[in-house]
Amino acid sequence: MSGEESQFNVQGYNIVTILKRLEAATSRLEDITVFQEEANRQKNGAEAPAINATHSPQGNSVSDTLATVSSASSVSPGGVTSHAKDVPAEKKKSILAFEQFIHDFVVPFVNTSNHIDPVVGESAKALADTFVEQTKFLEIVSESKKPDMTDPLLGQVLAPTNEKITKINSLKDENRRSTYFNHLNALSESGAVFFWIGIETPVSYISDIKDSAKFWSDRVLKEYKDKDKVNVDWVNQLTKIFDELNTYVKEYHTKGPAWNGNGKPFAQAVEEFNSTAKAGSGELQQENSADASGPPAPPPPPPASFFEESSASSSNTAESSAGGMNAVFAQLNQGANVTSGLKKVDKSEMTHKNPELRKQPPVAPKKPKNLSGHSTSTQSTPTTLVKKAPKKELIDGSKWIIQNFTQNDVQAPIIIETENSQSVFIGNCSDVTIQLKGKANAVTISETKKVGVVLDSLISGVEIIKSHKYGLQVIGLVPMISIDQSDEGSIYLSTESIDNDCQIYTSKTTALNVNVPEANNDFKELAVPDQIVSTVKNGVLSSSIVEHAG
């Protein structure tokens, strides 16, 4: 017992220990009270509990979602289960709070969405199912130490979440002519919120995604404000989901998922969770076998063949590249015999024992040979660079990759249809023109030469890195342009961007001209300063732009 704790002993009992036990008992009693209240609500039929998957008047989607919540985590928002023997004795408060959040805010939103339109209801149901998948992940987080972020198993655990987010985006893309396209866009924008688990500042990230979704939900509000209260409620409920999720994350996961520092290894936590969920799912399926209208058991996790193949290929590469080092370690592991192959040096060859050797002038080092082992020829052979294959693809529905294009690969401009949730990366291209239609999130242009980019509008901005003789034309609104280690560039700004105070940041950049529109549909060229003069006065460095007059 420490000296500090020994000061609080009363008749052989340690007060600190008693207080800790009292606090644990109080917490347990609070949980039991919550459990009992939920059981009473189930008994009296006051509200539909998550575990029983009671049929709602709006159809099966809400029932399915509630059943999925219960089967995924084996605990209803209150914590009461019909197969409690498969559940740990105490569940983390953060998990119970997240389940309660789904029950109180996400499920009513699904109900309202079903009232509006079947496709909107299906998209909202997919949103709710994604929250359920995130519940599973947070349960594993509460029991596991933080894994390596490159662990393929982490990708497998998150794969179902990514699939459901993709479904939300697909529903929007497949129903572009729908009357409720603004609803579907708002839900599609909302899908990005689930990536808060990979952000170090999730609170601000959730707020940013809320603003992106608000762009579309405001259109819904404007259209139905004086026409239909259901659609107005739908917008308010979607906003409430963001607000409550932010409150939850602020309390339990302020700096990202709260991994358990004293928990199990990640692989073990995943295995135990899967076995528990499988056992609970099987028992729940037996209980509901008599009810033909009951929801089906959740599908098994998707096959992990992709991650296994990737892992196998990486391990093979690592083994082949580490072959030489393995041989080195094999030599070192010989122990006392490690020096058996060394050459014995005679005392007459030792400079510290033979003073005559120290009097000799040093020998000039030999000219190094060609590293390939062959003698250096009089005429060196130039290295042949292998051109990489051009690449234009959309990854996970959120990021466009345009790489390795030259004028020999494509003659006409490369045209991409972008969306608010998508970013665009343009890299290692030369002598091509790229047009981005629609409003994207952000654009990055890296290591290009003689590339022209024409874009409509962006939510974030453009970043140009290590590019030469580039051109950028803005048709709509771009709030910010950042240019680093680039030269000989031309930027053509739109009137809308200028009116909204578009900011241009430059560093290590030369020969940059900004062109602004004039009244006669012509452009006026403005040069960005390259030279800065600095002076030190009274211990303070003062810098100013060098002006070239005349």
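Residues numbered from 1 in each chain as written. Predicted model: local features only at pLDDT ≥ 70, side-chain atom pairs only at ≥ 80, totals over all residues. Heavy atoms only, no water.

The name given to the protein in an unreviewed UniProt entry is Adenylyl cyclase-associated protein, and the organism recorded there is Candida orthopsilosis. As recorded by UniProt, the Sequence similarities (unreviewed entry) comment attached to the protein reads in full: "Belongs to the CAP family." On record in UniProt, under Function (unreviewed entry), the comment for the protein is "The N-terminal domain binds to adenylyl cyclase, thereby enabling adenylyl cyclase to be activated by upstream regulatory signals, such as Ras. The C-terminal domain is required for normal cellular morphology and growth control." (UniProt positions renumbered as here; feature names shortened; annotations may be inferred.)

Caption draft 1: Region of interest: the sheet that holds strand β11 (residues 468-474). Read across the open sheet, the seven strands follow the order β5-β7-β9-β11-β13-β15-β16; overall the sheet is mixed. Strand pairing shows two members of the sheet lacking a second neighbour, β5 (414-417) and β16 (523-527), which therefore form its edges. Going across the sheet, the axis of each strand differs from the next one's by a mean of 15°, ignoring polarity. Two strands pair when backbone bridges link them, and β5 and strand β7 (residues 430-440) are joined in this way by four bridges, in the parallel orientation. Looking across to β7, one finds that Ile 416 is bridged to Leu 436. (Pairing = 2+ DSSP bridges. Helix = DSSP H or I, 4+ residues; strand = E, 2+ residues; numbered from the N terminus. Axes fitted to C-alpha atoms, helices over the stretch in contact; angles between N-to-C directions.)

Caption draft 2: Focus on the sheet that holds strand β10 (residues 462-465). One open sheet accounts for seven strands, arranged β3-β4-β6-β8-β10-β12-β14; its pairing is mixed. For this open sheet the edge positions go to β3 (391-395) and β14 (503-507), each flanked by a neighbour on one side alone. Taking the axes of each pair of neighbouring strands and ignoring which way they run, one obtains an average angle of 10° across the sheet. Pairing between strand β4 (residues 399-403) and strand β6 (residues 423-427): five bridges, direction parallel. By the bridge assignment, Gln 403 is partnered in β6 with Gly 427.

Caption draft 3: Here's a closer look at the pattern of salt bridges. Applying the stated criterion across every chain yields a total of 14 salt bridges. A salt bridge links Lys 240 to Glu 244, with the nearest nitrogen and oxygen atoms 3.3 Å apart. Taken together, the residues Lys 240 and Glu 244, both in helix α9 (residues 229-252) and four residues apart, mark about one turn of the helix. The exposure class assigned to Glu 244 is partly exposed, which follows from its relative accessible area of 21%. A salt bridge links Glu 393 to Lys 391; the nearest nitrogen and oxygen atoms lie 3.2 Å apart. Residue Lys 391 is classed as partly exposed on the basis of its relative accessible area, which comes to 30%. Taken together, the salt bridges that share partners define one network made up of Lys 172, Asp 173, Arg 176 and Glu 419. (Salt bridge = Lys/Arg side-chain N within 4 Å of Asp/Glu carboxyl O. Buried < 20%, exposed > 50% of the residue type's maximum accessible area, 1.4 Å probe, protein only.)

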